[in-house]
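Okay, here's what each chain looks like letter by letter:
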Amino acid sequence: MTAVDILGEEEPAYVAAMEPPPIVNLTVDCEALSGHTGNWITAIYHLRLAAALGRVDFQFQCSTGMASVETSMLPWFSGYYPAPSNETWPYDLGRPDGNLVCSKKYSRLPLQHLASEMQRDMRRIAVAMLGPREKVVDATDLNLASLAESVPDEFLNRKEIEIDDAAIHFRCGDVFGYTTKTQYGVIQFREYVKRIPKATTKTIGIHTQPFDVSLLRNYDKDAADTCKVVIGIMVNYLQHEYPNATITVRNTQNDTIPLTYARLAMGAQTMTSTSTFGIFPAIGTFGEGFFQPNAKLNKFAANISESVLPNVHTIDGPMMSSPEIAKKGLERTIKFLTERP
């Protein structure tokens, strides 16, 4: 019997006969797995989808690291997810193809079937971190009570923290450091201007890696100087287009990953380049989410855009890939980024 046989349309007889019902229990050291945030979140949703399709319960929990909710995303996903009944599929787009769920290729994973779950999770975290604000009309379905049971009170509902009208996630490390990965790259700054309204935007937040090298992962350090130069040029570009807006680079030690996710999800416009990190708040935003489509990375997101979540959209402008950046050099890359219509 193969995994695909198990994940068929009908509930396997051995599953129905087991008492108590089987459970997929994933317990990890959340503190040790603090890096590669987007990859780990992707893995959690993948396992949730596989367990649901196999009609078994799924539980995710941290063996250590629950106290790191201010700096790590994984504790926020701890929870128990009961198997769906055999009669109904509770998630988006009907039951997925078991062959795709069991695929070894990341690009084939049909995570679009959990689009609404991703949105609910991101919004729940944002409201828990920052309070309801005026952006949330109804938070009754966000299950804040159960979340608060495992999160220290001092990390919740901090209404004094600023949020921005438009929130941009700009990835640097894989873009300017990993020169062989064609799935990473940059889009022109004018693509942001096309989607951020000038009349109503008073603040723009740019979320990127720290300029302080001591705060970076080892494989992001080589790109630190380039990142600082490009972000400075980006700030000047946007300030020219939005002269009355306040533009803030949010990449200090205090701008933790959960806080970054919360701010991105609270944006009236949330924008991300190709990234497993930025795709989830772009999907979960209370406003309009925009992402850079890619055939290798986050391919599932193209099946979410507008068809499942009408507030999620693709950015179809030209991209310069990491190998191109390495070949053409910084000067020509900046020329590409700052080209105006």
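Residues numbered from 1 in each chain as written. Predicted model: local features only at pLDDT ≥ 70, side-chain atom pairs only at ≥ 80, totals over all residues. Heavy atoms only, no water.

A separate point is the state of the cysteines. A complete count under the given rule lists two disulfides for this structure. At a sulfur-sulfur separation of 2.0 Å, the disulfide partner of C30 is C62. Note on the C30 and C62 pair: the S-S dihedral is about -80 degrees, so by sign convention the disulfide is left-handed. With C30 in the loop between β1 (23-29) and α3 (37-53) and C62 in strand β2 (residues 57-64), the pair connects residues that are 32 residues apart, well separated along the chain. Judged on exposure class, the residue C30 and its partner C62 are both buried. What pairs with C172 in a disulfide is C227, and their sulfur atoms sit 2.2 Å apart. Classification of the bridge connecting C172 and C227 rests on its S-S torsion, roughly 70 degrees, and on that basis the disulfide is right-handed. In this pair, C172 is assigned in the loop between β4 (166-169) and α7 (173-177) and C227 in helix α9 (residues 224-241), connecting sequence segments 55 residues apart. Of the two residues, C172 and C227, neither departs from the other in class, the shared state being buried. Each bonded cysteine of the protein gets a number by its place in the sequence, and the pairs then read 1-2, 3-4. (Disulfide = S-S within 2.5 Å. Helix = DSSP H or I, 4+ residues; strand = E, 2+ residues; numbered from the N terminus. Buried < 20%, exposed > 50% of the residue type's maximum accessible area, 1.4 Å probe, protein only.)

Spatially, the six strands line up as an open sheet ordered β7-β6-β4-β8-β9-β10, and their pairing is parallel. Edge strands, defined here as strands with exactly one partner in the open sheet, are β7 (246-250) and β10 (312-314). Mean inter-strand twist for the sheet, computed between neighbouring axes without regard to direction, equals 15 degrees. Note that strand β8 (residues 269-272) and strand β9 (residues 288-291) share four bridges and pair parallel. For T270, the partnering residue across the bridge sits in β9 and is G289. Against the sheet, helix α10 (residues 257-266) touches β4, β6 (203-207), β7 and β8, its axis set at about 130 degrees to β4. (Pairing = 2+ DSSP bridges. Axes fitted to C-alpha atoms, helices over the stretch in contact; angles between N-to-C directions. Contact = heavy atoms within 4.5 Å.)

To continue, consider the sheet that holds strand β3 (residues 79-81). Spatially, the three strands line up as an open sheet ordered β1-β2-β3, and their pairing is mixed. The open sheet has two edge strands with one neighbour each: β1 and β3. Averaged over all pairs of adjacent strands, the angle between strand axes in this sheet comes to 15 degrees, irrespective of strand direction. Sheet topology places β1 next to β2; seven bridges connect them, and they run parallel. In the strand pairing of β2, V24 is matched with F58. Along the sheet, α3 makes contact with β1, β2 and β3, crossing β2 at roughly 150 degrees.

Confidence in the prediction of the protein, expressed as mean pLDDT, is 86, and 86% of residues score 70 or more. The model gives residues 1-6 a pLDDT under 50, and that stretch makes eight contacts with residues more than four places away or in other chains. Residue range residues 145-150 is modelled with pLDDT below 50. Its contacts to residues more than four positions away, or to other chains, number five contacts. (pLDDT = per-residue confidence, 0-100.)

Tracing the chain through its elements places Q209 in the loop between β6 and α9. Exposure remark for Q209: the relative accessible area of 10% places this residue in the buried category. Side-chain polar atoms of Q209 contact the backbone nitrogen of G173, separated by 3.1 Å. (Polar contact = N/O pair within 3.5 Å; in protein donor to acceptor, adjacent residues only side chain to side chain.)

Where α9 meets helix α12 (residues 322-338), the axes come as close as 11 Å, and the angle between the chain directions of the two elements is 25 degrees. Compared by their axis directions, α9 and α12 come out roughly parallel. Crossing hand, α9 versus α12: right-handed. On α12, the residues touching T226, V229, V230, I233 and Y237 of α9 are L330, I334, L337 and T338. Taken together, the residues that form the contact of α9 with α12 break down as seven nonpolar, two polar and no charged. (Parallel < 35°, antiparallel > 145°, perpendicular 65-115°, else oblique. Left-handed = near helix turned anticlockwise from the far one by under 90°. Nonpolar A, V, L, I, M, F, W, Y, C, P; charged D, E, K, R; others polar.)

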